[in-house]
Amino acid sequence: MDEKCKKILECLSDYMDGEASEELCKTVERHIGECNECRCVMESLKVTIEMLHSLPEEKIPENLEKSVLNKLKKILFK
Ligand SMILES: [Zn+2]
């Protein structure tokens, strides 16, 4: 995993929350388009979050995206 991927993954939760700036969105989208690894991470993140959102509301932890992403990062960056 290179430095650029790490940066992209750092921004991914903001991006998915819609909190990223327009410029950042473009950077993330461009990178996802050319990097399989990051695309896989984003896909799994999406699927996981969608799955969790189908649970009853009270079972969804706060900062769901961030905690899922943190778990993924622990797996990827060890
Ligand atoms: Zn990447």
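What you see is a predicted model; the values in this text were computed from it and never measured.

The rules behind the values
- In every chain, residue numbers begin from 1 and rise along the written sequence.
- Owing to the predicted nature of the model, reporting of local features is limited to residues with pLDDT of at least 70; listing and counting of side-chain atom pairs is limited to 80 or more, with chain, interface and lining totals taken over all residues.
- Note on definitions: angles span 0 to 180 degrees between N-to-C directions of axes, and those axes are lines fitted to C-alpha atoms, for helices only across the stretch in contact.
- Counting from the N terminus, the helices are the DSSP runs of H or I reaching at least four residues and the strands are the DSSP runs of E reaching at least two.
- When describing relative orientation, an angle under 35 degrees is termed roughly parallel and one over 145 degrees roughly antiparallel, while 65 to 115 degrees is termed roughly perpendicular and anything else oblique.
- For any helix crossing, the convention is left-handed if the near helix is rotated counterclockwise from the far helix by under a right angle, and right-handed if that rotation is clockwise.
- We call two residues in contact when the distance between their C-beta atoms, placed using the backbone, is within 7 Å.
- Gly counts as polar in this scheme, as do all residues outside two lists: the nonpolar Ala, Val, Leu, Ile, Met, Phe, Trp, Tyr, Cys and Pro, and the charged Asp, Glu, Lys and Arg.
- A residue's pLDDT is the confidence the predictor assigns to it, expressed on a 0 to 100 scale.
- Core membership is restricted to buried Ala, Val, Leu, Ile, Met, Phe, Trp, Tyr and Cys residues, and these are joined into a nonpolar core through C-beta atoms within 7 Å.
- Burial is judged by counting other C-beta atoms within 10 Å of a residue's own C-beta: 20 or more means buried, 12 or fewer means exposed, and anything between counts as partly exposed, with every C-beta placed from the backbone.

## Section: the packing of helix H1 (residues 3-17) against helix H3 (residues 36-53)
At step 1: Their axes nearest at 11 Å, the elements H1 and H3 cross at an angle of 30 degrees. As the angle between them shows, H1 and H3 are arranged roughly parallel. Crossing of H1 over H3 shows right-handed handedness. Mapping the contact onto sequence places Cys5, Ile8, Leu9, Leu12 and Met16 in H1 and Glu37, Cys38, Val41, Met42 and Leu45 in H3.
At step 2: Residue classes in the contact of H1 with H3 are distributed as nine nonpolar, no polar and one charged.

## Overview of the confidence of the model for the chain
At step 1: Per-residue pLDDT for the chain averages 84, and the proportion of residues at 70 or more is 95%.
At step 2: Within the chain, the lowest mean pLDDT, 77, falls on helix H4 (residues 64-76), and the highest, 95, falls on helix H2 (residues 22-34).

## Considering the nonpolar core
General note: in soluble globular proteins, nonpolar side chains tend to be found buried as a group.
At step 1: Within the largest apolar cluster, 10 residues are counted, these being Ile8, Leu9, Leu12, Tyr15, Val28, Cys38, Val41, Met42, Val68 and Leu69.
At step 2: Of all elements in the fold, only H1, H3 and H4 reach the threshold of two or more residues within this core.
At step 3: When residues of this core are assigned to their parent elements, the largest contribution, four residues, is made by H1.
At step 4: Ignoring any residue separated from it by four or fewer positions in sequence, one finds Leu69 in contact with Leu12, Ser13 and Leu45.

## Topic: the packing of H3 against H4
At step 1: Relative to each other, H3 and H4 sit at 140 degrees, their axes nearing to 10 Å. Overall, the two elements H3 and H4 adopt an arrangement that is oblique. Classified by chirality, the crossing of H4 by H3 is right-handed. Of the residues in H4, those touching H3 at Val41, Ser44, Leu45, Thr48, Ile49 and Leu52 are Leu64, Glu65, Val68, Leu69, Leu72 and Leu76.

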